[in-house]
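So the chains spell out like this:
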Amino acid sequence: MTQSVELQYLTAKTMIQKAIRILHLSDLHFKSLDRASQNQARTIKAVLESIPPASYDFIFFTGDIVNRGDDSRAMAEVQSAFLIPLREKLIDPTNLILCQGNHDVHRGNEYKAIKQRIDSFTDNDALNDFVRDNGEFQNALLNHGSFAGLNLALQPATTVTAHESLWSSYIRCVGGKDIGVVALNSAWRSSSSVLDRGNLLFPTALLNRAVESVAKCPVRICLMHHDFSYFKEFNAAVLEDAIHEQFHVLLTGHVHRSKNATFLTHQEGIFHSTSAACLVGGLESSNLGYTSFELDIETDEVQVTVSRLVGNTVKKDDAATIAIPMQGVKQEQNELRKTIRKKYGQEVLSANDLLIDDGAGKASFLELFTEPALLRKSSLDTMSAGSRGHRVSL
């Protein structure tokens with residue numbers, strides 16, 4: 001039996017395409033044509049012209065497709081102006097997959113009482129119980145209908161493997177291997193770019209069902225607009241552990257600059273790519289662009305290319321090869337991360353106990369904590385430089 005399995009594996013392996021080619025875009029902030037500047041049309045034209053036809057297996061867009069989720073004209077026009085021409089660049093047009101960003105939210109439709117109740121949750125059990133109460137949960141989705149309509153227009157129901165209110169999954173075969181893609185709506189509790197950090201939520205019960213829908217895929221990719229720092233602490237820890245352990249690639253946006261990194265996890269490493277913005281008013285051109293990469297599924301290496309918008313053209317940086325951590329030390333590293341997190345939580349509680357309650361409501365240590373300022377020069381360098389400067393006799 002063992003020999004048979006090995007022979008089948010080796011036979012299948014020779015049929016697998018060496019690399020999965022992925023284009024990662026984010027943060028277009030499209031405005032309806034009657035409100036947009038000429039720069040929007042030039043940028044879209046430059047981005048589309050920079051993408052050769054049939055050069056990618058997937059195109060992923062990680063949110064903020066439009067500038068305002070309540071702009072119905074923008075939601076309609078962005079399809080013909082950008083998304084449909086972008087989809088036509090693909091070998092398989094159904095492999096353009098989107099997730100929602102905070103700017104795609106149609107704010108103001110949710111009942112105030114619903115918001116207040118969700119904001120009061122302090123643990124994942126309460127959040128998951130709320131989701132199970134389907135009536136109330138549906139009332140908490142009223143801000144997201146516009147994006148859902150846009151997504152349905154681009155991805156007919158027949159192309160979606162599984163779907164619930166805050167996530168969709170897609171299984172595609174590339175080079176003889178099933179690729180599982182999960183798109184999460186991290187912007188569900190978004191209220192504003194200023195207030196979102198540390199306040200977002202995503203039900204862990206829904207994440208578990210999303211993971212289950214692609215669990216049999218040997219390669220799994222997760223899309224979400226925000227990184228874990230934007231979620232409430234009790235929620236972020238569980239989300240981070242689950243996504244790092246269950247996915248091979250994590251793609252995010254929102255911060256409007258390109259970042260790429262790998263992390264060690266319990267079973268296999270994960271590659272995390274954050275794409276620069278496609279178009280945001282006021283940003284320097286060096287911060288505009290997108291990321292493309294080839295994921296080698298045999299060697300666990302990623303060849304990353306960052307493309308930057310310079311004037312009306314897109315210029316590509318030199319490709320960089322990043323190795324995803326392999327099995328072996330991963331389990332030890334993940335256990336270390338959990339140990340550090342547990343110790344961190346214990347130390348925060350100990351620090352809270354040291355604070356004095358002044359009667360106005362005891363703030364936590366983290367609420368009072370100020371990030372340290374790092375000096376550009378050491379004290380020794382500063383003293384040395386001062387000793388060589390002009391001296392004054394006292």
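All values derive from a computational prediction rather than experimental measurement. (Residues numbered from 1 in each chain as written. Predicted model: local features only at pLDDT ≥ 70, side-chain atom pairs only at ≥ 80, totals over all residues. Heavy atoms only, no water.)

J.: Kindly report on the packing of aromatic side chains, identifying the contributing residues and their values.
T.: Counted under the stated rule, the structure contains 6 aromatic pairs. Between the aromatic rings of Phe-61 and Phe-82, the centroid separation amounts to 6.3 Å while the plane-to-plane angle is 80 degrees, which identifies the pairing as edge-to-face. Of this pair, Phe-61 sits in strand E2 (residues 58-62) while Phe-82 sits in helix H3 (residues 72-87), and the two are 21 residues apart along the sequence. Summarising the aromatic geometry, the rings of Phe-137 and Trp-188 are spaced 5.9 Å apart at their centres and angled 75 degrees between planes, so their arrangement reads as edge-to-face. With Phe-137 in helix H6 (residues 134-139) and Trp-188 in the loop between strand E6 (177-184) and helix H8 (204-213), this pair connects stretches of sequence that are 51 residues apart. In this structure Phe-137 comes out as buried when scored by relative accessible area, which is 4%. One residue, Arg-189, lies across the ring of Trp-188, its end atom 4.9 Å from the ring centre. (Phe/Tyr/Trp six-rings, centres within 6.5 Å; stacked < 30°, edge-to-face > 60°. Helix = DSSP H or I, 4+ residues; strand = E, 2+ residues; numbered from the N terminus. Buried < 20%, exposed > 50% of the residue type's maximum accessible area, 1.4 Å probe, protein only. Lys NZ or Arg CZ within 6 Å of the ring centre and 35° of its normal.)

J.: How would you summarise the sheet that holds strand E10 (residues 270-274) if you had to cite specific residues and measurements?
T.: Spatial strand order, E4-E5-E6-E7-E8-E10-E9: 7 strands in an open sheet with mixed pairing. Either end of the sheet is taken by a strand with one partner, and the two such strands are strand E4 (162-164) and strand E9 (259-263). Neighbour-to-neighbour, the strand axes of this sheet turn through a mean angle of 15 degrees, independent of strand direction. Bridge analysis of E6 against strand E7 (residues 219-223) gives 5 bridges, and the strand direction is parallel. (Pairing = 2+ DSSP bridges. Axes fitted to C-alpha atoms, helices over the stretch in contact; angles between N-to-C directions.)

J.: Can you tell me about the packing of H3 against helix H7 (residues 145-154), naming the residues and giving the values?
T.: A packed helix pair is summarised by two numbers, namely the angle formed by the two axes and the spacing between the axes. At a minimum axis separation of 11 Å, H3 and H7 run at an interaxial angle of 35 degrees. Between H3 and H7 the crossing geometry is right-handed. Between H3 and H7, the residues in contact are Met-75, Val-78, Gln-79, Leu-83, Ile-84 and Arg-87 and Ser-146, Phe-147, Leu-150, Ala-153 and Leu-154, respectively. In the contact of H3 with H7, the residues fall into 8 nonpolar, 2 polar and 1 charged. (Left-handed = near helix turned anticlockwise from the far one by under 90°. Contact = heavy atoms within 4.5 Å. Nonpolar A, V, L, I, M, F, W, Y, C, P; charged D, E, K, R; others polar.)

J.: So what's going on with the nonpolar core? Which residues, and what values?
T.: Of all hydrophobic cores here, the largest spans 36 residues; its most connected members are Leu-184, Trp-188, Phe-202 and Ile-243. Residues contacting Trp-188, with those up to four places away along its chain left out, are Ile-118, Leu-127, Phe-130, Phe-137, Ala-140, Leu-141, His-144, Leu-166, Leu-201 and Pro-203. (Core = buried A, V, L, I, M, F, W, Y, C linked by side-chain atoms within 4.5 Å.)

J.: Go over the confidence of the model for the protein with me, naming the residues and quoting the values.
T.: Confidence in the prediction of the protein, expressed as mean pLDDT, is 83, and 80% of residues score 70 or more. Ignoring residues within four places in sequence, the model shows residues 1-16, a span with pLDDT below 50, making 6 contacts including any to other chains. This model gives residues 387-394 a pLDDT under 50, and the stretch forms 0 contacts once residues within four places in sequence are excluded. (pLDDT = per-residue confidence, 0-100.)

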